[in-house]
Amino acid sequence: MKKILLLAGGGGHTGYAYSLSQYLKESFELSYYIPEGDYLSEKRLRQFLDFGDIKFIAKGRDPDSSNFLFPFKFAKALVQSAFIKKYDLIISLGSNFCLPPCFFAWLKHIPIINLECAVRFTRPAKTVDILKHIALTVIQWEDQKKILPNGVKIGVVMPKPEYHPWNGKYLLVTGGSQGHKKLFDLVDKIGLKRVVLHTGSINNEAYRKHHPEWVIFNDSEDINEDFQHLLAGAEVIVTHLGTTVLEALSYSKPIVIVVNPEWRRTVGYEDAELLAQRVNGVLLEEMNTPNLLNAINEAKKKTPIPFQNGGKNLTRLIVRMLYGQGAIIE
Amino acid sequence: MNAKEALGIIIRLPIFFAYVFLAIIYLAKGDDPCYWDDYNEY
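Residues numbered from 1 in each chain as written. Chains lettered and ligands numbered in written order. Predicted model: local features only at pLDDT ≥ 70, side-chain atom pairs only at ≥ 80, totals over all residues. Heavy atoms only, no water.

**Brief notes about empty space enclosed by the protein**
All names here are of chain A. Note the cut-off: Both cavities and pockets are sets of points on a 1 Å grid over the protein atoms alone; in a cavity a 1.4 Å probe fits but cannot get out, in a pocket the set is open with protein on both sides within 12 Å along at least five of seven lines, and lining residues sit with an atom within 4 Å of a point. Grid points are joined across faces, edges and corners, and a volume is the space filled by probe spheres set on the points. Secondary structure follows DSSP: runs of H or I at least 4 residues long count as helices, runs of E at least 2 residues long count as strands, and numbering of each begins at the N terminus. Amino acids outside the nonpolar list (Ala, Val, Leu, Ile, Met, Phe, Trp, Tyr, Cys, Pro) and the charged list (Asp, Glu, Lys, Arg) are all regarded as polar, and Gly is one of them.
The final tally for this structure, using the stated rule, is two cavities of 30 Å³ or more. Size it by volume and the second largest cavity reaches roughly 40 Å³. Taken together, G15, Y16, S19, V157, P159, T243, L246 and E247 form the lining of the second largest cavity. When contributions to the lining of the second largest cavity are tallied by element, the ones reaching two or more residues are α1 (11-24) and α9 (244-250). Residues of the lining of the second largest cavity, tallied by class, amount to four nonpolar, three polar and one charged.

**Points about the pairing of strand β8 (residues 171-174) of chain A**
Residue and element names in this part refer to chain A. How we decide: The buried label applies to any residue whose accessible area, calculated with a 1.4 Å probe on protein chains only, is under 20% of its type's maximum; exposed applies above 50%, and partly exposed to all values in between. Strands were regarded as paired on the criterion that DSSP finds at least two bridges between them. A crossover gets the label right-handed when its path from the first strand over the helix to the second runs clockwise, viewed with the strands pointing away from the viewer.
Here β8 shows a buried face lined by L171 and V173 and a second buried face lined by L172 and T174. Pairing between β8 and strand β9 (residues 195-198): four bridges, direction parallel. From the neighbouring strand, L172 faces β9, where its bridge partner is V196. With respect to chirality, the unit in which β8 leads through helix α6 (residues 181-190) into the neighbouring parallel β9 is right-handed. Of the pairings in the sheet, the one linking β8 to strand β11 (residues 236-239) comprises four bridges and is parallel in character. In the strand pairing of β11, V173 is matched with V238.

**Section: the nonpolar core**
Residues and elements named next belong to chain A. This is how the line gets drawn: In plain words, nonpolar cores are sets of buried Ala, Val, Leu, Ile, Met, Phe, Trp, Tyr and Cys residues tied together by side-chain atoms within 4.5 Å. Note that domain bounds follow an automatic or database assignment of domains. Contacts are assigned to residue pairs with any non-hydrogen atoms lying within 4.5 Å of each other.
Core analysis: the biggest nonpolar cluster contains 60 residues, and I4, L6, L24, Y32, I91, L275 and I318 have the highest contact counts within it. Split by domain, this core shows at least three residues from each of two domains, domain 1 (3-157 + 308-323) and domain 2 (171-300). Residue contacts for L275: discarding those within four places in its chain leaves A118, V119, F121, W141, L241, V245 and I257. Within the second largest apolar cluster, 32 residues are counted, among which are Y33, L99, C102 and F103.

**As for a negative patch on the surface**
Residue and element names in this part refer to chain A. Test applied: Two joining distances apply to patches: 9 Å for like charges and 5 Å for nonpolar side chains (Val, Leu, Ile, Met, Phe, Trp, Tyr), and every residue must have over 30% relative accessible area and no salt bridge. Residue burial considers only the protein chains on display, and all accessible areas are found by Shrake-Rupley using a 1.4 Å probe. A side-chain nitrogen of Lys or Arg and a carboxyl oxygen of Asp or Glu constitute a salt bridge if their distance falls within 4 Å. When charges are counted, neither His nor the chain ends are considered; positive counts come from Lys and Arg and negative counts from Asp and Glu. By convention, charge coordinates are those of NZ in Lys, CZ in Arg, CG in Asp, or CD in Glu.
A cluster of acidic residues, E270, E273, E285 and E286, forms a negative patch at the surface. Looking at where E270 falls in the secondary structure, it is placed in helix α10 (residues 269-279). With a relative accessible area of 32%, E270 lands in the partly exposed category.

**Examining unusual backbone geometry**
Residues and elements named next belong to chain A. For S95, which is not glycine, the phi torsion reads 85° and is therefore positive. Tracing the sequence through the fold places S95 in the loop between β4 (89-92) and α4 (99-107). For S95, a relative accessible area of 12% corresponds to the buried category.

**Describing the environment of A:L89**
Residues and elements named next belong to chain A. Within the secondary structure, L89 is located in strand β4. By relative accessible area, which is 0% here, L89 ends up buried. Dropping the residues within four chain positions of it, L89 is found in contact with K3, I4, L5, I110, P111, I112, I113, I318, M321 and L322.

Structure (structure tokens):
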């Protein structure tokens, strides 16, 4: 069996690794590199391991971290990646975290696939821009050809739905693994009754005190219910601009997108507008109480557009690359 | 690793160092310009 290494840089990048693994696990032996200390990614991906392994390496920087430590962490990641095994293929799923292993993979003549994030429309991610010269770049929307003309379109990579959609009549609010404090504070102020709040890496003690009736959890807390089950049961999902948007799509849930102004090193408002149009979601233009309530009501009236899952298409492409043109999987 | 693979690595090594150097410069050049400045009012 051919061996594939997936570079899961945490948060939404791990989300892509999870979605792709659901398809790739049938035909390939999977291994993962994940950021040091990211036990949530490890927990999510360990289920796909058969004979492969998981290795922790340093991540240069996060969307909101300072540049000061970046060169040291990046140098550490280079050292940790130097003895990369001879995989048959490496898949870069975004984030500067992917660069050191990909550089050494290129040096050792290992083919690389370079996935551009679904939320980029106006400029490519820096990591994708760097790797496009040494890797096969794959894009998720036709429009992304404007920023990556050599990209091969595979469609939107979404997780396979694990539950049938149901209506628990609650609002699911999430800011992804990094959290979105300004959004949480706003929802806190409004005082809605039926809310499931996922705070990512943000401390949620204050919200617990104000709203004992809410279901509140962060990434280090184990809750009785699976996050996918909570997604499947939400009436509306309010989220940052990240892969939760794609997870919401896989369950055909109405979406309100609230960009996170604290992230200075990621996509901008224009990208968010373009994504909201494509998925028939609502983008919150200005963060205040009436706007958020209007956006939630507007989202309820909209039905997300169904898409073919890009994960399946990418798997077909990889099978043809590694097993030959005539190979098929199903 | 056989001799052919080792030779392949040696040939790529200078490009590898140049590429890593340029990538670090590109990454350190600053943040991606975003629209947050317009969006930061609230």
